[in-house]
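Observations on the model geometry
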Amino acid sequence: MQVKNKKIDKELFLKERQEVLKSWSTGKEVDINEAVEFHKNMPENKIMVNKLIDAKNNNKTLIQPRAGVALVEAHIDLLKFLLEKGEADLLPTTIDSYTRQNQYQEAEQGIKESYETRRSMLNGFPAVNYGVKECRKIIEAIDAPVEVRHGTPDARLLAEITLAGGFTDFEGGAISYNIPYAKKVSLEDTIQYWQYVDRLVGYYYEHGIKINREPFGPLTGTLVPPAISHSVAILEALLAVKQGVKYVSLGYGQNGNLIQDIAAIQSLKELAEKYICDEGYDDIEITTVFHQWMGGFPQDEAKAFAVISWGATASALSKATKVIVKSPHEALGIPTKEANASGLKTTRQIINMLRDQSIEQTKNMDIEREIIIEETIAILSKVKELGDGDWAVGIVRAFEAGVLDIPFAPSQYNSGKILPARDNKGAVRFLNTGNLPFDNKIKDFHADKLKERGFYEERDVSFQMVVDDIYAISKGMLVGRPK
Ligand SMILES: CC[C@H]1O[C@@H](n2cnc3c(N)ncnc32)[C@H](O)[C@@H]1O
């Protein structure tokens, strides 16, 4: 097997860069030494790491939307609106689907049609087609840090162009932007692609430039048990720090039961610190990201605001460093700037009102935290064993064995044997643990929780519960109760 969790040799890296920069015409604009100077002249308040660390040290939860449109000026207007009217702390640039598949020719066509029709004909910003200079127009126009958000298995060129363009945060990873996003891309390939991205961030760091890396926490965003998303986030952080990344934001997608969601963020922070420290690193800054509900949303805007508010509440009470905000147009598609801003303002109000409050650490919260920790350690220990100590090798073999398994993922490299379902209080449990390396104590915990629900609903624990739960929130509930 090709992959190895080893820092890419600098000379080999610089050689590979020449190939990557040739893969589209705008790659020739990238001059990394010039880009380092550009970053060095960036105002402090535009550097993502500064804002994240300040929030972490001052127990603040920052708010950030997703947003991206096809034309540069319109994208700048959008981000300005979300900053000024939406009161966003941090801004994104969400990349379009063609660019995510390296289909730059189609993205070019989308830009052309957008100019002709004067509306965005792409579902995001096609950064590779625009190149470094156009990206810099965004960074120079926006008085806040901007992060690249996307879903790209091979993000090497996208990283080269956007980081040279002045973006100071880059989302994604070898698992989180492959298994939930692609059907036929091998993990060996995406591990190597993302080792390149992380090595590039490490290269910037070696030249004094702080860039944050954020593995994509929610994965398929549908009833993903905390231990599954934690395992992936921590593995991607371990691969990243090996390449010289010093700042990582680890994410989790809200599931909806408050106690479990708070315990999820607490355990994510604890586990990330443990694993990174055990690897011998003592200079990594870890922050956390809470994603408001990523599953199906109610069409009714008032109900959508309730889901957004619930996510805002859980993010504040979990003390996450930042929350990724949804809009009341979630069930409809790409939000208008006004709708996007209203999701932010709803979140802002909740965050502010909870600023001076905290939730008691209850026994149930500890039970949830401990089971997530136990499950995640069981998975990661097996990954390390399968890899004979090498995390990269372990990831590939763990997916082959079903030791890593993401619910509802499209990838042919994913076993898809596990099944989640909500218990009687809406916490996400395992209906089927597939080949996960769980002992009977863990399995019985989940089976008992689901039996409680079956008893209450007077029906057998079955796949029907999974189906009912997938639609529950969009139908105004949390637990998918029988008709
Ligand atoms: C990860 C999927 C999420 O990203 C959101 N999203 C994708 N593209 C855009 C976009 N261009 N503007 C705003 N939100 C977006 C989408 O609504 C969904 O909530």
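Residues numbered from 1 in each chain as written. Predicted model: local features only at pLDDT ≥ 70, side-chain atom pairs only at ≥ 80, totals over all residues. Heavy atoms only, no water.

An unreviewed UniProt entry annotates the protein chain as Glutamate mutase epsilon subunit originating from Iocasia fonsfrigidae. UniProt's Pathway (unreviewed entry) comment on the protein chain is quoted here verbatim: "Amino-acid degradation; L-glutamate degradation via mesaconate pathway; acetate and pyruvate from L-glutamate: step 1/4." Quoted verbatim from the Sequence similarities (unreviewed entry) field of the UniProt record, the comment on the protein chain reads "Belongs to the methylaspartate mutase GlmE subunit family." (UniProt positions renumbered as here; feature names shortened; annotations may be inferred.)

A few words on the site of the ligand. Looking at the ligand, the residues that line it are Arg66, Ala67, Gly68, Thr94, Asn123, Met294, Lys326, Glu330, Ile334 and Pro335. The backbone of Gly68 places a nitrogen or oxygen atom 3.0 Å from a nitrogen atom of the ligand. Within the side chain of Glu330, one N or O atom sits 2.8 Å away from an oxygen atom of the ligand. Starting from 430 Å² of accessible surface for the ligand in isolation, the protein chains cover 79%. For the shell around the ligand, the per-class residue count stands at 4 nonpolar, 3 polar and 3 charged. (Near = heavy atom within 4 Å. Polar contact = N/O pair within 3.5 Å; in protein donor to acceptor, adjacent residues only side chain to side chain. Areas by Shrake-Rupley, 256 points an atom, 1.4 Å probe, with all protein chains shown as cover. Nonpolar A, V, L, I, M, F, W, Y, C, P; charged D, E, K, R; others polar.)

What follows concerns the pattern of salt bridges. If you walk through the whole model with that rule in mind, you get 41 salt bridges. Ionic pairing is found between Glu147 and Arg149, a salt bridge with its closest N-O pair at 2.6 Å. We note that Glu147, like Arg149, is buried. Between Arg156 and Asp154 there is a salt bridge whose closest N-O contact spans 2.8 Å. If you follow the salt bridges from partner to partner, you end up with Arg453, Glu457, Arg459, Asp468, Asp469 and Arg481 in one network. (Salt bridge = Lys/Arg side-chain N within 4 Å of Asp/Glu carboxyl O. Buried < 20%, exposed > 50% of the residue type's maximum accessible area, 1.4 Å probe, protein only.)

Once that is clear, we can look at the UniProt feature "binding site: L-glutamate" (unreviewed entry) in the protein chain. In this numbering, the UniProt entry assigns the feature "binding site: L-glutamate" (unreviewed entry) to Arg66, Arg100, Arg149, His150, Glu171, Tyr177 and Tyr181. The residue Arg66 is located in the loop between strand S1 (62-64) and helix H4 (72-84) in this model. Setting aside residues up to four positions removed in sequence, Arg66 forms contacts with Pro92, Thr94, Arg149, Phe216, His291, Met294, Ile324, Val325, Lys326 and Asn340. There is a polar contact of 2.9 Å between the side chain of Arg66 and the side chain of His291. Tracing the sequence through the fold places Arg100 in helix H5 (residues 97-100). Apart from residues lying up to four places away in sequence, Arg100 is in contact with Thr94, Ile95, Arg149, His150, Gly151, Thr152, Pro153 and Tyr181. (Helix = DSSP H or I, 4+ residues; strand = E, 2+ residues; numbered from the N terminus. Contact = heavy atoms within 4.5 Å.)

Glancing now at the nonpolar core. Within soluble globular proteins, side chains that are nonpolar generally end up buried alongside one another. With 140 residues, the main nonpolar core has Tyr204 and Ile395 as its most contacted residues. With 11 residues, helix H10 (residues 226-242) is the single largest residue contributor to this core. Two domains share this core, each providing at least three of its residues, namely domain 1 (10-354) and domain 2 (417-483). Excluding its chain neighbours within four sequence positions, the residues that come into contact with Tyr204 are Ile32, Ala35, Val36, His39, Leu163, Ala164, Ile209 and Ile211. One finds Phe297, Ala304, Val307 and Ile473 within the second-largest nonpolar core, a separate group that totals 8 residues. (Core = buried A, V, L, I, M, F, W, Y, C linked by side-chain atoms within 4.5 Å. Domains from an automatic or database assignment.)

Moving on, we come to the domain arrangement of the protein chain. Taken domain by domain, the protein chain comprises domain 1 (10-354) and domain 2 (417-483). Contacts between the two partners involve 14 residues from domain 1, matched on the other side by 16 residues from domain 2. Summed over both sides, the interface between domain 1 and domain 2 buries roughly 1300 Å², with carbon and sulfur atoms accounting for 72% of that surface. Its largest share of buried area at the contact with domain 2, domain 1 owes to Leu223, Pro225 and Asn257, together 40% of the area lost on that side. If you look at where domain 1 meets domain 2, you find 0 salt bridges. Here the side of domain 1 that touches domain 2 is composed, by residue class, of 8 nonpolar, 6 polar and no charged. (Buried area = accessible area lost by both parts, 1.4 Å probe.)

With that settled, consider the UniProt feature "binding site: adenosylcob(III)alamin" (unreviewed entry) in the protein chain. Per the UniProt record, the feature "binding site: adenosylcob(III)alamin" (unreviewed entry) sits at Gly68, Asn123, Pro180, Phe297, Lys326, Glu330 and Ile334. As for its placement among the helices and strands, Glu330 is situated in the loop between strand S8 (322-324) and helix H13 (337-353). Within polar-contact distance, the side chain of Glu330 engages the side chain of Lys326 at 3.2 Å. Among the residues examined, Ile334 registers a relative accessible area of 58% and is labelled exposed.

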